[in-house]
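Chain by chain, the residues run as shown.
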Amino acid sequence: MAAVHSTESLPAGWRRVFLGAGESFPAIAIDTPACRALVALQGAQLLTMQPAGAAPLLWLSPGARYVAGKAVRGGIPLCFPWFGNHPDDPALPAHGFARNREWRLQYAGIDAGVAQLQFALEDDAQTRALWPHIFSAEVTLSLGAGIDITLAVTNRGDSTAPVSFAFHNYFPVVDVAACCIEGLAGLPFHDKLQPDAPLAVESVPLRPAAEVDRVYTGAGGACRIVDMTVAGPVAQTIAVTAPDCRNLVVWNPWGAKAARLGDVPGDSWRRFVCVEPANVGADTILLAAGESRRWSMRIAHA
Ligand code: TA6
């Protein structure tokens, strides 16, 4: 694949843009007959994506901040190489460093009408200080009628590397209190809001009615977010499939916690629900020296 390092190398109609007050947060604005999207180089993070003639597939906070090294609230933040608090030091950044580092754009092009982008990240002194492993990672995005994303990681060190990750998706809903997440019934879950509680088992489609922060296990990697408030014969439904992921994390901070986040203004917390295919906790991946693994996810209107 040809390396792409400058605006001139982007396909016609795509633009290199800079986000935020300081105009210093580089991103790529994608415009094709199939979709429009915005991808930040930091975190190789897909921020927005709207298929032609359809509703957006992702939510981006109206209060999102574009500051180098700080996570952006919305789209698909990539939590890697750990999920949640750092396994050894909770004072270190939550959810790993991948979403806070600028990735190198390796390729940008269009194949059969589908936008293709590939980003790369390798270890350096900063990452090794946080996670003492030598690695290379690639994120590949295919954007057409839906979103296909793949994370590929190679352990280039000589010791086993523990990897936990999540595709921390923010999905748009009219009102989180009137949406339904299907595909979780029968799955055990850990409720992070009741850390000492034993695993519970989901019995029905989840309809959030208060702050929710749950890690489901044994997920078959498929679920649907049904926006029950969308008028019309069929509520808007977004289907998520990620067969390589054994966990699904569901999160919404609700009003009180959202107010403390600082980048979810007003009642915008009502407009999203996070449903995150992941491999975390007991499903952390032990990547052997020299081993490569990849995990994929598809998001589309059902
Ligand atoms: O995925 C759920 C979660 O782990 C929640 O506990 C909450 O912390 C959320 O991620 C957002 O984390 P962030 O660091 O992006 O604010």
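What this report covers is the structure whose coordinates are included nearby. This one's a predicted model, so the numbers in the text were calculated from it and none came from an experiment. By convention here, each chain's residues receive numbers from 1 onward along its written sequence. Only residues with pLDDT of 70 or above have their local features reported here, since the model is predicted, and side-chain atom pairs are shown and tallied only from 80 upward, although totals for entire chains, interfaces and linings are computed over all residues. As a convention, hydrogens and water are excluded, and side-chain values are obtained from all of the structure's heavy atoms.

What follows concerns the site of the ligand. Around the ligand sit R73, F83, H95, R99, H168, K192, D213, V249, W251 and E276, and those are all the residues in its vicinity. Counting of polar contacts relies on pairs of N or O atoms within 3.5 Å, with two restrictions inside protein: one atom must be capable of donating a hydrogen and the other of accepting it, and residues adjacent in sequence are counted only when both atoms are side-chain atoms. One of the side-chain nitrogen or oxygen atoms of D213 is found 2.6 Å away from an oxygen atom of the ligand. Residue E276 places a side-chain N or O atom 2.8 Å away from an oxygen atom belonging to the ligand. A 1.4 Å probe and the Shrake-Rupley method give the accessible areas. Residues count as covered only by the protein chains that appear here. The protein chains hide 80% of the 390 Å² of surface that the ligand would expose on its own. We place a 1 Å grid over just the protein atoms. Points where a 1.4 Å probe fits but has no way out form a cavity, open points with protein on both sides within 12 Å along at least 5 of 7 lines form a pocket, and any residue with an atom within 4 Å of a point lines it. Put plainly, a molecule is in a cavity or pocket when over half of its atoms are within 2 Å of the grid points there. Judged by the proximity of its atoms to the pocket grid, the ligand belongs to the largest pocket. Throughout this entry, Asp, Glu, Lys and Arg are counted as charged residues, while Ala, Val, Leu, Ile, Met, Phe, Trp, Tyr, Cys and Pro are counted as nonpolar. The remaining residues, Gly among them, count as polar. Looking at the shell around the ligand residue by residue, the class counts come to 3 nonpolar, 2 polar and 5 charged. Near is defined per residue: the residue qualifies when any heavy atom it owns lies within 4 Å of the molecule or strand.

Pairs can form between side chains of opposite charge whenever their charged atoms are close. Salt-bridge detection follows one rule: a side-chain nitrogen of Lys or Arg within 4 Å of a carboxyl oxygen of Asp or Glu. Scanning the model with the defined rule gives 14 salt bridges in all. Note that E291 is salt-bridged to R293, the shortest N-O span being 4.0 Å. When its relative accessible area of 25% is taken as the criterion, E291 is described as partly exposed. The classification of residues rests on relative accessible area computed with a 1.4 Å probe and restricted to protein chains. Under 20% of the type maximum is buried, over 50% is exposed, and intermediate values are partly exposed. Accessibility expressed as a relative area gives 33% for R293, which makes it partly exposed.

Each aromatic ring pair is characterised by the separation of its centres together with the angle its planes make. Note on ring pairs: Phe, Tyr and Trp rings are taken, using the six-membered ring of Trp, and paired if centres are within 6.5 Å. Classes follow the plane angle, with under 30 degrees stacked, over 60 edge-to-face and the rest tilted. Per the stated rule, a full pass over the model turns up 15 aromatic pairs. Within the aromatic cluster, the residues linked to one another by ring pairs are F80, W82, F97, W131 and F135.

Turning our eyes to something else, we now look at the pairing of strand β17 (residues 222-227). Walk down a regular strand and you will see the side chains alternate between the two sheet faces. Where strand β13 (residues 179-182) lies against β17, 4 bridges are found, and the strand directions are antiparallel. Note on β17: the bridge partner recorded for C179 is D227. Should DSSP find at least two bridges between two strands, the strands are regarded as paired. Segments assigned H or I by DSSP are reported as helices when at least four residues long, segments assigned E as strands when at least two residues long, and all are numbered from the N terminus. Strand direction decides the pairing type here: β17 and strand β18 (residues 236-241), joined by 6 bridges, are antiparallel. Along β18, the bridge assignment pairs D227 with Q236.

In this section: the sheet that holds strand β2 (residues 25-31). Hydrogen bonds between backbone atoms are what pair the strands of a sheet, whose relative direction is either parallel or antiparallel. Reading across the sheet, the 4 strands line up as β1-β2-β3-β4 and stay open at both edges, with antiparallel pairing between neighbours. Lying at the two open borders of the sheet, with one neighbouring strand each, are β1 (15-19) and β4 (45-51). Sheet twist, expressed as the average angle between the axes of neighbouring strands with direction ignored, equals 20 degrees. In this structure, strand β3 (residues 35-40) lies alongside β4, joined through 6 bridges in antiparallel fashion. Opposite A37, over in β4, you have M49 as the bridge partner. Orientation is described by lines fitted to C-alpha atoms, with helices fitted over the stretch in contact, and by angles between N-to-C directions that extend from 0 to 180 degrees.

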